[in-house]
Each structure stands twice: as C-alpha cells, then as structure tokens.
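If you want the building blocks of each chain, they are given just below.
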Amino acid sequence: MRKSRAPKRYVQPDPKFGDVQVTQFVNNLMWSGKKSTAYEIFYGAMDIVEERTKENPLEVWKKAVSNVSPAVEVRSRRIGGANFQVPTEVRPERKHSLAVKWMIQYSRARNGKSMADKLASEIIAASKGEGSTFKKKEDVHRMAEANKAFAHFKF
C-alpha cells in the first residue's frame, strides 16, 4: 500500500476546443507518443461528426461520453474463501476514464476506412444511446444489478 495518495496530474486544455477532457481523450487515443497524430484523428472525427449530424461536434462528443459513463461496476472481493462480485459506485474521474477507454477500444474494433471515420461513427452511435460502447455500459450495469445481493460486502 501507498504511504500517501498519489498526486493528481493535471493536463493542459486542447488547442481547438480548450477542453481538458478532450486532451485526456486524445492522450488515451495516442499510440507510441504520437500526440499530433492523435489530435489529427480526433479533430478529423469531430469534422465528420459535424458533417453527419449538423450539430456542434463537441456537444455530441460530450453527450456520447456521458451516455456511456457507467454509474456502478462490480469489483471482486474475497470473503471467507469465496470471491464475490460486489457492486460499487464509480467515482466521477473513473466514470470518464472508463467511458473514454471503452469508446476508443470499440472504435478500433469497428469496421471503417480510417480511425477518424471509425471514431466518428462510434461517437454518433454513443450519443444516440446505441453501439458497442453503450452495450458495454449496459452489460456492466446488468452485472451489478445481478450481484445486488452482495452489496452489503462493500469495501
């Protein structure tokens, strides 16, 4: 265990929208330290989202992230020689982090020409409450609901 809590690292807002959450998204999207490529992909996806939906792309993206953010999750806890899946609430930072990671993971698995195109499709689907990322959130919630009986084992 740690002696003290790890210090929180703060990131700079992105150059186009001036939003810290966008920077966090781009940092997760980045591979091999290629941040400029990750920004190109994200901004390209935002252009595609704007073109397809005729709405503010940042608002569509924020709605998508909030739609796929889980409220509860299950955590393994060992009690008396048995492992239980205990449903717990998700902290706000972790909600955003999970939503971002799932969105990127399912964007990469999607069929499409470019990563920007795949990401745009996933963002649009998530903002409408459909798609693989939204299904993942539903599965996590379903799992927590199924294990509600073990909620009294909370940490």
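The rules we used
- Residues numbered from 1 in each chain as written.
- Predicted model: local features only at pLDDT ≥ 70, side-chain atom pairs only at ≥ 80, totals over all residues.
- Heavy atoms only, no water.
- Helix = DSSP H or I, 4+ residues; strand = E, 2+ residues; numbered from the N terminus.
- Buried < 20%, exposed > 50% of the residue type's maximum accessible area, 1.4 Å probe, protein only.
- Axes fitted to C-alpha atoms, helices over the stretch in contact; angles between N-to-C directions.
- Parallel < 35°, antiparallel > 145°, perpendicular 65-115°, else oblique.
- Contact = heavy atoms within 4.5 Å.
- Nonpolar A, V, L, I, M, F, W, Y, C, P; charged D, E, K, R; others polar.
- Phe/Tyr/Trp six-rings, centres within 6.5 Å; stacked < 30°, edge-to-face > 60°.
- Lys NZ or Arg CZ within 6 Å of the ring centre and 35° of its normal.

Trainee: Even after reading the chapter, I still don't get unusual backbone geometry, so can you show me in this structure?
Mentor: With the exception of glycine, most residues fall at negative phi, and the peptide bonds are largely trans. Although it is not a glycine, Ser32 sits at a positive phi angle of roughly 55 degrees. Position of Ser32 among the secondary structure elements: in the loop between α1 (20-29) and α2 (35-53). A residue is classified by how much of its surface remains accessible, and Ser32, at 73% relative accessible area, is exposed. One non-glycine residue, Lys54, lies in the positive phi region at around 60 degrees. Its place among the elements puts Lys54 in the loop between α2 and α3 (57-67). Residue Lys54 is classed as exposed on the basis of its relative accessible area of 69%.

Trainee: Even after reading the chapter, I still don't get the packing of α3 against helix α4 (residues 92-109), so can you show me in this structure?
Mentor: How two helices pack is summed up by the angle between their axes together with the distance between the axes. Relative orientation of the contacting elements α3 and α4 amounts to 105 degrees, with a least axis distance of 8 Å. As the angle between them shows, α3 and α4 are arranged roughly perpendicular. Listed contacts from α4 to Trp61, Ala64 and Val65 of α3 are His96, Ala99 and Met103. For the contact of α3 with α4, the per-class residue count stands at five nonpolar, one polar and no charged.

Trainee: Can you help me understand the environment of Glu40 in this one?
Mentor: Mapped onto the elements of the fold, Glu40 is located in helix α2. Relative accessible area serves as the criterion here: at 59%, Glu40 is assigned to the exposed category. Separated by 81 residues in sequence, Glu40 and Ser121 have C-alpha atoms that sit 16 Å apart.

Trainee: Before we go on, may I ask you to explain the packing of aromatic side chains in this structure?
Mentor: A ring pair, where both rings are aromatic, is described by two values, the distance of the centres and the angle of the planes. Counted according to the given criterion, the structure contains six aromatic pairs. Look at Phe42 and Trp61: their rings are 5.8 Å apart centre to centre, the planes differ by 85 degrees, and that puts the pair in the edge-to-face class. Here Phe42 is found in helix α2, whereas its partner Trp61 is found in helix α3, with 19 residues between them in sequence. Of the two residues, Phe42 and Trp61, neither departs from the other in class, the shared state being buried. Seen from the ring of Trp31, Arg108 lies directly overhead, with NZ or CZ sitting 4.1 Å from the centre.

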